[in-house]
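Tertiary structure, described
For reference, the chains in residue letters:
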Amino acid sequence: MKRSKKSGEENPEPTKGELAVLQVLWKFGPSTVRFVHDSLNEGKESTQYTSTLKLMQLMADKGMLERDETNMKHVYFPLLEEGGTKGHLLSKFIDTMYQGSVETMMIALLGNEKTSKKDLQKMRELLAEMERKK
């Protein structure tokens, strides 16, 4: 995980709510609180705007986001890299849920009812490509 500019310490792992904010910013780029708030509340029971604002302010204090205050509307952008954050969380998930075994996790994924034929085909293609590279 990236180190915080303010403390020099490693940032804490994002909570579920913080990760949702990061997902919006990774997908759409630097955004206002209003845009993030509206994106998070699409098709869901909405939360208060002030709750989203406070969460993003706290994330900025933790070193997860940075705020551009040059305009009237403050624009936030992520300081945590998407690949590094997801990789760290995935490794922790594999360690916690599958005792560090990628094989066990893949068997569980392949046997999951949500795994579609399209998913299986993409996995076959990925495996074939990995074999060719070796």
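Coordinates for the structure precede this section.
Residues numbered from 1 in each chain as written. Predicted model: local features only at pLDDT ≥ 70, side-chain atom pairs only at ≥ 80, totals over all residues. Heavy atoms only, no water.

1. Regarding the pattern of salt bridges
Within the structure shown, the criterion is met by 6 salt bridges. Among the ionic pairs, Lys62 bridges to Glu18, the shortest N-O distance being 2.6 Å. Here Lys62, found in helix H3 (residues 49-62), pairs with Glu18, found in helix H1 (residues 16-28); they are 44 residues apart in sequence, far enough to count as distant. In this structure Glu18 comes out as buried when scored by relative accessible area, which is 3%. In this structure, the salt-bridge partner of Asp38 is Arg34, at a minimum N-O distance of 3.7 Å. Here the residue Asp38 and the residue Arg34 both occupy positions in helix H2 (residues 33-40), the gap between them amounting to 4 residues, near one helical turn. Judged by relative accessible area, Asp38 falls into the partly exposed class, the value being 39%. Judged by relative accessible area, which is 41%, Arg34 ranks as partly exposed. (Salt bridge = Lys/Arg side-chain N within 4 Å of Asp/Glu carboxyl O. Helix = DSSP H or I, 4+ residues; strand = E, 2+ residues; numbered from the N terminus. Buried < 20%, exposed > 50% of the residue type's maximum accessible area, 1.4 Å probe, protein only.)

2. Quick look at the pairing of strand S2 (residues 65-68)
Regular strands place side chains that alternate from one sheet face to the opposite one. The pairing of S2 with strand S3 (residues 75-78) spans 4 bridges and is antiparallel. Bridge pairing in S3 links Leu65 to Pro78. The turn joining S2 and S3, which pair antiparallel and follow one another in sequence, is formed by 6 residues. (Pairing = 2+ DSSP bridges.)

3. Observations regarding the packing of aromatic side chains
For any pair of aromatic rings, geometry is given as the distance between the ring centres together with the angle between the planes. In this structure the tally under the stated criterion is 2 aromatic pairs. Taking the centre distance of 5.1 Å and the plane angle of 80 degrees together, the rings of Phe28 and Phe35 count as edge-to-face. A relative accessible area of 46% places Phe28 in the partly exposed class. Residue classification places Phe35 among the partly exposed positions, given a relative accessible area of 34%. Each ring, one from Phe93 and one from Tyr98, has its centre 5.8 Å from the other, and the planes form 70 degrees; the classification is edge-to-face. On the basis of relative accessible area, Phe93 is assigned to the partly exposed category, the value being 38%. (Phe/Tyr/Trp six-rings, centres within 6.5 Å; stacked < 30°, edge-to-face > 60°.)

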